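Now for the letters of each chain:
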Amino acid sequence: MRFRALVGARVPRARGRAGRASLPFFAIIAAAFGVAAGIGAFCRFEYGSPEKTCILCHEIRGSRERWSKSPHRNVNCKDCHGGTFEALGDNVKRGIKHVTGADYAKLDSVFCLSERQVEVLCARCAKCHRAEAEQWARSGHCKPASVFLKDETHNAAWKPADNCLRCHGMFLEGDMSSIAGRNDLASRRAIPCTACHRMHAEEPLQLFSRNEWTSVPAADLCLQKIVTPDGHPVKRSLDAQNRLCANCHAANAEGIAGSSDDRTPTGAQEGMSCTDCHKGHDMKADPSRGRCPHPQSASRRRRSSGM
Ligand code: HEC
Ligand code: HEC
Ligand code: HEC
Ligand code: HEC
Ligand code: HEC
Ligand code: HEC
Ligand code: HEC
């Protein structure tokens, strides 16, 4: 009883007085600590080396190992993936995933960037590789995905299927039935930088394979066997760049030279690599190397006119 009376009588008043006096004081101290910690964390994260920032969490360090052997080993992670504020949303999501348990084994082997991340990241390449980016922007490779996937004439002749995305729109998420209904395809590049380049690799010339959702070094790509319409094999250049181009600029299933999108040089130019003539990211051919060796220039015109 005595206890209750004491407590009952005094505590409310005491609490009331202490609360009035210390709340602003504690709030100021807490805020000061918060701001200092925030600035400290920001500086550490924004200006620290990968070892002190990103790598802290990437336990298996697979991406870092491959980055450290790549031509970009002196480029900081954040110059590509974005700094603290640029990638705030991504960083928060990763922090949550890190705490709730991410599948690191998967992270090491799978191309994990989302469609949006690819779009943002490829825009950052231009900061350091202006010439290449400007040339690419002039080429057909920079056309929006809608040019390929929403061409009514082409779609009437060849029904759009998942396979189309292999060569244009490889980073679009979903399958053709969901993608066909999207109305933002005019703002998605059909063939961005990372279609032909992989950053976390010793060898940056790699073709993104949508089927495997990872990139394959150009030198390891298969080269289709090409024959003339009367069945004679056509000699092809085995160099890595030719393999890369020919995987998209490909012939029909029978491998007939000039069929479908094939541009294999024949005749006097047999055996030459595409990049012997098509140099630079605008893909313009050097006219001094000879006239168009492609037997099928006419087929492009046919297709353009809808046949
Ligand atoms: C708090 C721990 C943590 C830190 C710090 C961290 N990451 Fe990650 N990161 C993760 C986790 C967890 C994932 C896997 C997310 C998932 O499974 O989707 C991830 C995934 C990624 C991916 C794959 C794409 C994605 O968003 O899922 C990239 C790229 C990446 N991190 C880059 C970075 C960079 C660059 C930094 C430094 C600025 C960084 N990370 C710092 C935990 C972290
Ligand atoms: C030159 C730009 C660039 C730099 C620098 C860079 N990345 Fe990446 N990163 C990419 C691209 C592009 C991808 C998509 C896969 C690829 O191209 O290798 C990627 C993919 C990733 C992934 C997904 C898994 C994978 O390896 O494919 C993680 C995680 C990642 N980066 C983390 C980092 C970290 C950590 C650093 C710094 C140690 C870093 N990146 C430096 C451009 C870069
Ligand atoms: C912060 C600047 C920076 C950014 C961003 C950047 N790079 Fe680089 N890149 C470099 C540097 C530095 C080199 C090394 C140049 C050298 O070795 O001469 C390089 C080299 C390369 C090479 C040539 C490698 C070789 O064979 O020598 C390719 C291809 C490349 N970058 C593509 C890309 C792509 C694609 C992106 C965007 C995903 C990108 N880079 C983003 C700075 C950057
Ligand atoms: C990922 C698939 C893909 C790869 C790899 C590829 N191309 Fe293309 N290329 C295309 C598509 C699709 C077009 C059609 C663009 C259009 O309609 O304008 C095209 C267009 C072209 C054109 C026509 C000119 C232009 O700018 O439209 C040339 C020339 C060309 N590519 C050369 C090459 C060379 C050389 C390589 C190898 C270094 C290559 N391409 C690699 C898909 C690819
Ligand atoms: C093996 C790779 C590949 C596949 C698969 C593919 N294409 Fe293409 N597509 C190309 C190439 C390469 C060109 C450029 C041809 C040229 O200019 O010689 C092209 C050109 C086009 C064009 C002409 C664009 C323009 O600028 O006029 C359209 C439209 C198109 N493709 C739609 C499709 C559709 C729809 C599918 C699926 C039914 C498809 N493609 C499947 C590689 C491919
Ligand atoms: C259609 C395929 C393709 C696309 C798309 C592409 N590149 Fe390339 N890139 C190449 C080829 C082929 C080379 C020559 C590779 C070599 O020398 O081994 C190259 C080389 C480079 C180099 C090295 C240049 C040098 O002088 O050594 C840089 C940097 C580069 N690309 C940046 C980019 C950037 C940035 C983008 C996007 C704006 C891009 N590339 C898009 C095919 C492509
Ligand atoms: C001997 C030099 C040479 C070689 C090798 C070569 N090309 Fe061409 N290519 C040209 C010339 C020149 C043109 C321009 C023809 C024209 O405008 O009609 C051209 C045109 C093209 C076009 C059409 C451009 C358009 O707007 O109509 C494409 C696509 C193409 N080449 C792709 C390739 C591919 C893919 C390879 C490798 C398999 C290749 N070329 C090999 C010289 C060459």
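Residues numbered from 1 in each chain as written. Chains lettered and ligands numbered in written order. Predicted model: local features only at pLDDT ≥ 70, side-chain atom pairs only at ≥ 80, totals over all residues.

1. Some remarks on the overall build of the protein chain
For the protein chain, the count of helices and strands is 14 helices and two strands. When the 307 residues of the protein chain are sorted by exposure, 18% land in the buried category. Of the contacts made within the protein chain by residues no fewer than 6 positions apart, 57% connect residues no fewer than 24 positions apart. (Helix = DSSP H or I, 4+ residues; strand = E, 2+ residues; numbered from the N terminus. Buried ≥ 20, exposed ≤ 12 C-beta atoms within 10 Å, placed from the backbone. Contact = placed C-beta atoms within 7 Å.)

2. What about the site of ligand 6?
Every one of the 17 residues lining ligand 6 counts as a neighbour, but Cys-125, Glu-132, Trp-136, Cys-193 and Cys-196 are closest to it. Of all the elements in the fold, those that place two or more residues in the shell around ligand 6 are helix H6 (115-128), helix H7 (130-138), helix H11 (193-196) and helix H12 (240-248). Partitioning the shell around ligand 6 into residue classes produces ten nonpolar, six polar and one charged. (Near = placed C-beta within 6 Å. Nonpolar A, V, L, I, M, F, W, Y, C, P; charged D, E, K, R; others polar.)

3. What to know about the site of ligand 5
Around ligand 5 sit 21 residues in total, of which Asp-151, His-154, Cys-164, Cys-167 and Asp-261 are the nearest. Elements represented by at least two residues in the shell around ligand 5 include exactly helix H8 (145-149), helix H9 (152-157) and helix H14 (297-304). Considering only residue class, the shell around ligand 5 consists of ten nonpolar, seven polar and four charged.

4. Digging into the pairing of strand E1 (residues 206-209)
Two faces, one strand: in a regular strand the side chains alternate between the faces of the sheet. Across four bridges, the pairing between E1 and strand E2 (residues 214-217) is antiparallel. Considered in E2, the bridge of Phe-208 is made with Ser-215. Taking the residues that link successive antiparallel strands as the turn, the E1-E2 hairpin has four residues, and the phi of Trp-213 there is positive, at about 55°. (Pairing = 2+ DSSP bridges.)

5. Quick look at the confidence of the model for the protein chain
Confidence in the prediction for the protein chain averages 84 pLDDT; 82% of positions are at 70 or higher. Long-range and interchain partners of residues 1-19, a stretch whose pLDDT sits below 50, account for zero contacts in this model, where long-range means more than four residues apart. Low pLDDT, under 50, characterises residues 301-307; the predicted model gives this stretch two contacts beyond four residues in sequence or across chains. (pLDDT = per-residue confidence, 0-100.)

6. Points about helix H4 (residues 88-100)
With 13 residues, H4 should cover 18 Å at 1.5 Å per step; its first-to-last C-alpha distance of 18 Å lies within 8% of that length. H4 sits mainly on the outside: zero of its 13 residues count as buried. In the segment just after H4, Gly-101 is the residue with positive phi, at about 105°. (Expected span 1.5 Å × (residues − 1).)

7. A word on H12
Those residues of H12 lying buried are Asn-242, Arg-243, Leu-244, Cys-245 and Ala-246. On its buried face, H12 sits against H11, E1 and helix H13 (274-277).

8. A look at the nonpolar core
Among the nonpolar cores identified, the biggest contains 27 residues, and Ala-145, Met-170, Ala-195, Leu-207, Leu-244, Ala-251 and Ala-257 are the most heavily contacted of them. For this core, the secondary structure elements donating two or more residues are H6, H8, H11, E1 and H12. For Ala-251, the residues in contact, after removing those within four places along its chain, are Gln-224, Ile-226, Ile-256, Ala-257, Ser-259, Ser-260 and Asp-262. (Core = buried A, V, L, I, M, F, W, Y, C linked by C-beta atoms within 7 Å.)

9. A look at the environment of Pro-233
Position of Pro-233 relative to the elements: it lies in the loop between E2 and H12. C-beta crowding within 10 Å serves as the criterion here: with 11 such atoms nearby, Pro-233 is assigned to the exposed category. Sequence-wise, Pro-233 and Gly-255 are 22 residues apart; in three dimensions their C-alpha atoms are separated by 9.6 Å. The contact partners of Pro-233, leaving out residues within four places of it in the chain, are Lys-225 and Val-227.

10. Structural notes on unusual backbone geometry
Look at Trp-213: it is not a glycine, yet its phi comes out positive at around 55°. Among the structural elements, Trp-213 can be located in the loop between E1 and E2. Positive phi, close to 65°, is recorded for Met-283, a residue that is not glycine. According to the C-beta neighbour criterion, Met-283 is partly exposed, with 17 such atoms within 10 Å.

11. Topic: the environment of Arg-66
Within the element layout of this structure, Arg-66 appears in helix H2 (residues 62-68). For the pair formed by Arg-66 and Met-199, sequence separation is 133 residues and the distance between their alpha carbons is 8.6 Å. Aside from chain neighbours lying at most four places away, what touches Arg-66 is His-200 and Ala-201.

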